[in-house]
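Survey of secondary and tertiary structure
Single-letter residue listing:
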Amino acid sequence: MIPTDYTVIDIETTGLSPAHDDIIEIGCVKYRSGCEVEEFHTLVCPPAARYDERYVNSFITYLTGITHEMLKDAPKFNEIAASLWSFLD
């Protein structure tokens, strides 16, 4: 049986390594009774310790469409975490 109430979560990252790469975008779509009812989307600025203008390489930009410029004013994860958890609740 396929559930009719679920939330789809999609993330974009700067690479595949959890030790060296970071989330740069989070998107969620909430479905209830099989119908889309709400969306959540945000870019996420990586931690400052690892972030510089070379951080998002050309392959990641090609793959995701996300550039360094788009992230420089994006919120940090700790600034959006409460909103994300609230959406997922």
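Heads up: these notes are all about the structure in this document. Treat the numbers as computed from the prediction; the structure is a model and nothing was measured.

Some remarks on the overall build of the protein chain
- When helices and strands are counted, the protein chain shows three helices and three strands.
- The helix and strand sequence of the protein chain, counted from the amino end, reads β-β-β-α-α-α.
- Across the 89 residues of the protein chain, 31% fall into the buried class.
- Residue pairs at least 24 apart in sequence account for 50% of intrachain contacts in the protein chain once pairs closer than 6 positions are excluded.
- As presented, the protein chain carries roughly 6100 Å² of accessible surface, and 56% of it is formed by carbon and sulfur atoms.
- Mean positive and mean negative side-chain charge positions of the protein chain (6 and 15 charges, respectively) differ by 5 Å.

Notes on the environment of Tyr31
- Tracing the chain through its elements places Tyr31 in strand E2 (residues 23-32).
- Considered as a pair, Tyr31 and Val8 are 23 residues apart in the sequence and their alpha carbons are 8.1 Å apart.
- What Tyr31 contacts, discounting residues up to four positions off in sequence, is Thr4, Asp5, Tyr6, Val8 and Glu36.

Structural notes on the sheet that holds E2
- Spatially, three strands are ordered E1-E2-E3 in an open sheet, and the strand pairing comes out antiparallel. Both outer strands of the open sheet, strand E1 (6-13) and strand E3 (35-43), are each paired with one neighbouring strand and no more. Geometrically, the sheet is characterised by an average inter-axis angle of 10° between neighbouring strands, direction not taken into account.
- In this sheet, E3 lies alongside E2 in antiparallel orientation, the contact comprising eight bridges. Counted as the bridge partner of Tyr31 is Glu36 from E3.

A look at unusual backbone geometry
- Not every positive phi belongs to a glycine, and Ser33 is a case in point at roughly 55°.
- Assignment of secondary structure puts Ser33 in the loop between E2 and E3.

Re helix H3 (residues 77-88)
- End to end, H3 covers 15 Å across twelve residues, agreeing with the expected 16 Å (1.5 Å per residue, within 8%).
- Taken residue by residue, H3 has Ile80, Ala81, Leu84 and Phe87 as its buried positions. Around the axis of H3, the buried residues are gathered within 135° of arc, so they sit on the same side. Exposed side chains of H3 directed beyond 90 degrees from the buried face belong to Asn78, Glu79, Ala82, Trp85 and Ser86.
- Those residues of H3 that are buried lie in contact with E1, E2 and E3.

Calculation criteria
- Residues numbered from 1 in each chain as written.
- Predicted model: local features only at pLDDT ≥ 70, side-chain atom pairs only at ≥ 80, totals over all residues.
- Heavy atoms only, no water.
- Helix = DSSP H or I, 4+ residues; strand = E, 2+ residues; numbered from the N terminus.
- Buried < 20%, exposed > 50% of the residue type's maximum accessible area, 1.4 Å probe, protein only.
- Contact = heavy atoms within 4.5 Å.
- Areas by Shrake-Rupley, 256 points an atom, 1.4 Å probe, with all protein chains shown as cover.
- Lys, Arg positive; Asp, Glu negative; His and termini not counted.
- Charge placed at Lys NZ, Arg CZ, Asp CG, Glu CD.
- Pairing = 2+ DSSP bridges.
- Axes fitted to C-alpha atoms, helices over the stretch in contact; angles between N-to-C directions.
- Expected span 1.5 Å × (residues − 1).
- Arc of directions from axis to C-beta.

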